[in-house]
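Structure assessment
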Amino acid sequence: MSSSMSLVLNISLSPANRRAVAKDPVNWAVAPRACLGEVASAPGLSNDLSISQTKTAQIIADEKKFLVGTYARSPVVFARGKGCKLYDIEGREYLDLTAGIAVNSLGHCDPDVVATIKEQVELLTHVSNVFHTEPPVVLAKRLISSSFADRVFFCNSGTEANEGAIKFSRKFQRKSHPDIQDPPVNFIAFSNCFHGRTMGAVALTSKEHYRLPFDPVMPGVTFCEYGDTKATVDLIQTGKFAAVFVEPVQGEGGILGATKSFLQSLRAACDESGCVLVFDEVQCGLGRTGHLWAHEAYDVYPDIMTVAKPLAAGLPIGAILTTDRIAAAIDPGDHGSTFAGNPLVCSTAITVFDKISNPSFLTSVSEKGQYFKQLLAQKLKGNSHVKEIRGFGLLIGIELDVPASPLVSACLQSGLLVLTAGKGNVIRVVPPLIISKEELEQAAEILVSCLPALDAPSNS
């Protein structure tokens, strides 16, 4: 009997038997009774028997039962990917303009990345940071030679990188003010920003719905309006702030870019006051904007930069890049991670970095980003809901005057994957950086065909 026909029964099982059911639902399946309504169905999918018996529905129902409900996932289960295409468990093809939220910059299953992982996993995957290995040293040299930085600290995610930057900034201030009992410990962040979900990083994140359920979060954070030079500089000059955290281009915030004068003013104020300037390039860095690092377009350089998302093609990695001046304040034992900088992840990151940092690759990102913005402007011209098309390289936003989720859902049904951003009214486009112009044209056609979803009564 198919496991998709097993029913949800209110019976008491021991923990061991519950684990057995989860591992082998086919052999634990119960003969169906007449009431088909007892078959578990996935949220957002039809209760029709032909739909509820699909493997997709079964997996979604099991996930709802066994996983903590922290995600509002789309009703699709992906099984494999290649290039800019994903394929769900039922065999349907999708054009991916999400790249795992700006992670899979080389697309899915890049052959060089796959070869690197296969080779390294047969040699050594992890020994911890009690011992030396070569790949993190090689990767650190690559990052340093291509940036302002003198030193690198590896971690496992973007939020961890920002947590580390919080600690580095405070420790630097303590070392810089040895005769002061209360050195600067506060932080400045900005409207529409996103820096992560752990307790320090979420305290730096402006959207209240990320923070308020977990109050009290880390105190001492002041939010300024993104781009308000005078208010921010006035705060920095008080001397009470350990660091300023800013995204040169805000992704989650709605694809909003800083001005050169704004970042220059932050740099000057931080230099004058001794405040640390932190650029969060977790989403906008490593080629996404057509520059290797987003801040290069502004000719303004930070004291600390945090990076993560695309660096290891989906394997967990984050990094803090900083100067010798900041790093000198950090002593052995001040910070650390069990998994960070392991040979498998760092070997993969070296392969990714070498491909993305190629100047011709970066030029192609800029060209394709400009082409797609022009194409969208042409295709979406005259639509009353489209307020603005903006972006940098292949980090593009389409701002609407209505919620974007109906359009995202319609695109999903039509085989196109896009994201939202801002206040839910921005379509966020962050495709693999290898995407072709033909695929961008296909994406534009699907977007146009799905625009009527914005006029549905539920979206008025």
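Residues numbered from 1 in each chain as written. Predicted model: local features only at pLDDT ≥ 70, side-chain atom pairs only at ≥ 80, totals over all residues. Heavy atoms only, no water.

1. A short note on the overall build of the chain
Looking only at helices and strands, the chain features 16 helices and 17 strands. For the chain, with 460 residues in total, the buried portion stands at 50%. A fraction of 70% describes how many contacts in the chain between residues 6 or more apart in sequence connect residues 24 or more apart. Just so you have it, the chain exposes about 21,600 Å², and 54% of that area is on carbon and sulfur atoms. (Helix = DSSP H or I, 4+ residues; strand = E, 2+ residues; numbered from the N terminus. Buried < 20%, exposed > 50% of the residue type's maximum accessible area, 1.4 Å probe, protein only. Contact = heavy atoms within 4.5 Å. Areas by Shrake-Rupley, 256 points an atom, 1.4 Å probe, with all protein chains shown as cover.)

2. Comments concerning the packing of helix α14 (residues 359–380) against helix α16 (residues 437–450)
The geometry of α14 relative to α16 is characterised by a closest axis approach of 10 Å and an angle of 25° between their N-to-C directions. Classed by the angle they form, the pair α14 and α16 counts as roughly parallel. Considering only the axes of α14 and α16, their crossing is right-handed. Residues Lys368, Tyr371, Phe372, Leu375, Leu376, Lys379 and Leu380 of α14 form the contact with α16, whose own contacting residues are Lys437, Leu440, Glu441, Ala443, Ala444, Glu445, Leu447 and Val448. Class assignment of the residues belonging to the contact of α14 with α16 gives a composition of ten nonpolar, no polar and five charged. (Axes fitted to C-alpha atoms, helices over the stretch in contact; angles between N-to-C directions. Parallel < 35°, antiparallel > 145°, perpendicular 65-115°, else oblique. Left-handed = near helix turned anticlockwise from the far one by under 90°. Nonpolar A, V, L, I, M, F, W, Y, C, P; charged D, E, K, R; others polar.)

3. Regarding unusual backbone geometry
Cis geometry marks the peptide bond from Asp215 to Pro216; its omega dihedral reads 0°. Position of Pro216 among the secondary structure elements: in the loop between α9 (208–211) and β6 (221–224). The backbone of Asn192 sits at a positive phi, close to 70°, despite the residue not being glycine. For Asn192, the position within the fold is in the loop between β5 (186–190) and α8 (199–203). Judged by its relative accessible area of 25%, Asn192 falls in the partly exposed class. Its identity as a non-glycine residue notwithstanding, Leu286 has a phi of 60°, on the positive side. Positionally, Leu286 belongs in the loop between β10 (276–280) and β11 (304–307). On the basis of relative accessible area, Leu286 is assigned to the buried category, the value being 3%.

4. Some remarks on the pattern of salt bridges
Taken as a whole and assessed by the stated rule, the structure comprises 20 salt bridges. The shortest N-O distance in the salt bridge between Asp354 and Arg142 comes to 2.7 Å. In this pair, Asp354 sits in helix α13 (residues 343–356) while Arg142 sits in helix α6 (residues 135–145), placing the two residues 212 residues apart along the sequence. A relative accessible area of 28% means that Arg142 is categorised as partly exposed. Across the salt bridge formed by Glu252 and Lys207, the nearest N and O atoms sit 3.4 Å from each other. Highlighted residues: Glu252 in the loop between β8 (249–250) and β9 (256–257) and Lys207 in the loop between α8 and α9, separated in sequence by 45 residues. In this structure, a network of salt bridges that share partners links the residues Lys171, Lys175, Asp331 and Asp334. (Salt bridge = Lys/Arg side-chain N within 4 Å of Asp/Glu carboxyl O.)

5. Thoughts on the sheet that holds strand β3 (residues 93–96)
The four strands are arranged β1-β2-β3-β15 in an open sheet whose pairing can be described as mixed. Where the open sheet ends on each side, the last strands, each with one partner, are β1 (78–82) and β15 (416–417). Pairing geometry for strand β2 (residues 85–88) and β3, over three bridges, is antiparallel. Residue Leu86 lies in a different strand from β3, and its bridge partner there is Tyr94. (Pairing = 2+ DSSP bridges.)

6. Topic: the layout of surface pockets
There is about 880 Å³ of room inside the second largest pocket. Considering the residues around the second largest pocket, the lining is formed by 34 residues, among which Asn129, Val152, Phe153, Phe154 and His335 are closest to the centre. Elements supplying a minimum of two residues to the lining of the second largest pocket: α6, β4 (151–155) and β12 (318–322). Its residues assigned to classes, the lining of the second largest pocket comprises 17 nonpolar, 13 polar and four charged. (1 Å grid on protein atoms, 1.4 Å probe; cavity = no way out; pocket = protein on both sides within 12 Å on 5 of 7 lines; lining within 4 Å. Points joined across faces, edges and corners; volume = space filled by probe spheres on them.)

7. What to know about α6
Where α6 is concerned, the buried positions are Pro135, Pro136, Leu139, Ala140 and Leu143. Seen end-on, α6 carries its buried residues on one side only, within an arc spanning 130°. Looking at α6, the residues exposed on the side facing more than 90 degrees away from the buried face are Lys141 and Ser145. Where α6 is buried, its residues meet α5 (111–121), β4, β12 and α13. (Arc of directions from axis to C-beta.)

8. Here we look at empty space enclosed by the protein
The final tally for this structure, using the stated rule, is one cavity of 30 Å³ or more. Estimates place the volume of the largest cavity at around 40 Å³. Taken together, the residues of the lining of the largest cavity break down into seven nonpolar, one polar and one charged.

9. A short note on the side chain of Lys368
Structurally, Lys368 is set in helix α14. It turns out Lys368 is buried and unbridged, and the closest side chain with the opposite charge, Glu439, is 7.5 Å from it. With near-sequence residues (within four places) excluded, Lys368 lies in contact with Leu394, Leu433, Ile434, Ile435, Lys437 and Leu440. (Lys, Arg positive; Asp, Glu negative; His and termini not counted.)

10. Details of the nonpolar core
Among the nonpolar cores identified, the biggest contains 62 residues, and Leu97, Phe372, Leu400, Leu407, Leu416 and Ile427 are the most heavily contacted of them. Once residues within four sequence positions are removed from consideration, Leu97 is found in contact with Phe372, Leu416, Leu417, Val418, Arg428, Val429, Val430, Pro431, Ile435 and Ala443. By size, the runner-up hydrophobic cluster in this structure holds 28 residues, among which are Cys224, Ile236, Ala294 and Val300. (Core = buried A, V, L, I, M, F, W, Y, C linked by side-chain atoms within 4.5 Å.)

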